[in-house]
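Residue strings, one per chain:
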Amino acid sequence: MSDMTSTADAPRSPGRPRSVRADEAIIEATLDLLAEGSTIEALSIEAIASRAGVGKATIYRRWAGKDALLLDALRRLKGVLPQPAGHSVRDDLVLIVGAVGHNIDPRAAKIMPCLVPEVNRSPDHFQLYQNIIEPRRQLMREVLRRGIRTGELRADLDVEVTMALLTGPMLIQRMLRWHPDLDDLILPEKVVDAVLEGIRAR
């Protein structure tokens, strides 16, 4: 899509420094409106500007358009990537899997489930979701490939299917509360250990 580049990727032009306070207000306004029930389609730059207390021009100086702003806002909602220590494939996978569907921002519980139908309806929104999630997939992919190289995991491992096996249970439990009796705190370890039984090198 034409306006998918976020401020994190765009080159900065010389001149007066950007206001960090304005950046924060715009991101917060975007997330607040989504949490209050606005769909991606209905969300407008005008509404975001009004909520943030800035002019539309202030937003357009920072983001190429609504999708680029959404990309940065939803990345913020997801939080920073976990940082695996690199000593143990199991420990690194538990760390990464534990971050799946886990957001410290309470607005995420209202926003993320509502994005699913929009992602399925719109190729542009599907691409937006992929841009958010791919760095997290790549992190898990690197840990699994490292395990193959070190001989900890099977040489014929299907990395992409294994990522789905590790991620799926966490998403369904955290987004849908599929089984209320499952302990969310120990579920990442249980999922990783169950999958490792099938993918460890013998």
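This is a predicted model, so every value here is computed, not measured.

J.: Where do I start with the overall build of the chain in this structure?
T.: Counting secondary structure elements, the chain contains 9 helices and 0 strands. Going residue by residue from the N terminus, the α and β elements of the chain occur as α-α-α-α-α-α-α-α-α. For the chain, the spread of C-alpha atoms along the three principal axes comes to 60 × 40 × 30 Å. Scored against the burial criterion, the 202 residues of the chain give a buried share of 42%.

J.: In this structure, what is going on with a nonpolar patch on the surface? I would like to understand it.
T.: Together, I172, L176, W178 and L182 line one region of the surface with nonpolar side chains, adding up to about 430 Å² of accessible area. Residue placement: L182 occurs in the loop between helix 8 (159–176) and helix 9 (187–199). Residue class for L182 comes out partly exposed when judged on its relative accessible area of 36%.

J.: What is the right way to read the pattern of salt bridges from this model?
T.: Side chains that differ in charge, positive against negative, can pair when their charged atoms come close. Overall, the coordinates contain 19 salt bridges when judged by the stated rule. Between D91 and R90 there is a salt bridge whose closest N-O contact spans 3.4 Å. Judged by its relative accessible area of 45%, D91 is partly exposed. Take R90: its relative accessible area is 26%, and that puts it in the partly exposed class. For E134, the salt bridge goes to R141, with nearest N and O atoms at 2.9 Å. Under the relative-accessibility criterion, R141 is labelled buried at 8%. Members of the salt-bridge network, linked through shared partners, are E24, E28, D32, R76, D105 and R107.

J.: When you look at the packing of helix 1 (residues 20–35) against helix 4 (residues 66–78) in this model, what are you seeing that I'm missing?
T.: For any two helices packed against each other, one specifies the inter-axial angle together with the distance between the axes. For the pair helix 1 and helix 4, the least separation of the axes is 9 Å and the interaxial angle reads 80°. With respect to their mutual orientation, helix 1 and helix 4 come out roughly perpendicular. Facing E24, I26, I27, E28, T30, L31 and L34 of helix 1, the residues of helix 4 in contact are L69, L70, D72, A73, L74, R76 and L77. For the contact of helix 1 with helix 4, the class distribution of residues is 9 nonpolar, 1 polar and 4 charged.

J.: Is there a simple way to think about helix 2 (residues 45–52) in this case?
T.: Because each turn of an α-helix spans 3.6 residues, side chains separated by three or four positions in sequence point in the same direction. Residues I45, I48, A49 and A52 constitute the buried set of helix 2. Take helix 2 and look down its axis: the buried residues cluster within an arc of 100°, on one side only. Residues of helix 2 that are buried in the fold lie against helix 1, helix 3 (56–62) and helix 4.

J.: What is the right way to read the environment of D23 from this model?
T.: Locating D23 in the fold gives a position in helix 1. Among the residues examined, D23 registers a relative accessible area of 12% and is labelled buried. Taking the C-alpha atoms as reference points, D23 and L185, 162 residues apart in sequence, are found 34 Å from one another.

J.: Whenever I open this one, the packing of helix 1 against helix 2 confuses me. Can you help?
T.: Between helix 1 and helix 2, whose axes approach to 8 Å, the crossing angle comes to 115°. Crossing of helix 1 against helix 2: the hand is right-handed. Counted together, A25, I26, A29, T30, D32 and L33 of helix 1 and A47, I48, R51 and A52 of helix 2 form the full contact between these two elements. For the contact of helix 1 with helix 2, the per-class residue count stands at 7 nonpolar, 1 polar and 2 charged.

J.: Even after reading the chapter, I still don't get the side chain of E118, so can you show me in this structure?
T.: Position of E118 among the secondary structure elements: in helix 6 (residues 108–121). Of the buried charged residues, E118 lacks a salt bridge, with R121 as the closest side chain of opposite charge at 4.9 Å. Among the polar contacts listed, one links the side chain of E118 to the backbone nitrogen of I40, at a separation of 3.0 Å. Leaving out residues up to four positions away in the same chain, E118 has contacts with T39, I40, E41 and H125.

Reading the values: the criteria
- Residues numbered from 1 in each chain as written.
- Predicted model: local features only at pLDDT ≥ 70, side-chain atom pairs only at ≥ 80, totals over all residues.
- Heavy atoms only, no water.
- Helix = DSSP H or I, 4+ residues; strand = E, 2+ residues; numbered from the N terminus.
- Buried < 20%, exposed > 50% of the residue type's maximum accessible area, 1.4 Å probe, protein only.
- Patch = residues over 30% accessible without salt bridge, like charges linked within 9 Å, V, L, I, M, F, W, Y side chains within 5 Å.
- Areas by Shrake-Rupley, 256 points an atom, 1.4 Å probe, with all protein chains shown as cover.
- Salt bridge = Lys/Arg side-chain N within 4 Å of Asp/Glu carboxyl O.
- Axes fitted to C-alpha atoms, helices over the stretch in contact; angles between N-to-C directions.
- Parallel < 35°, antiparallel > 145°, perpendicular 65-115°, else oblique.
- Contact = heavy atoms within 4.5 Å.
- Nonpolar A, V, L, I, M, F, W, Y, C, P; charged D, E, K, R; others polar.
- Arc of directions from axis to C-beta.
- Left-handed = near helix turned anticlockwise from the far one by under 90°.
- Lys, Arg positive; Asp, Glu negative; His and termini not counted.
- Polar contact = N/O pair within 3.5 Å; in protein donor to acceptor, adjacent residues only side chain to side chain.

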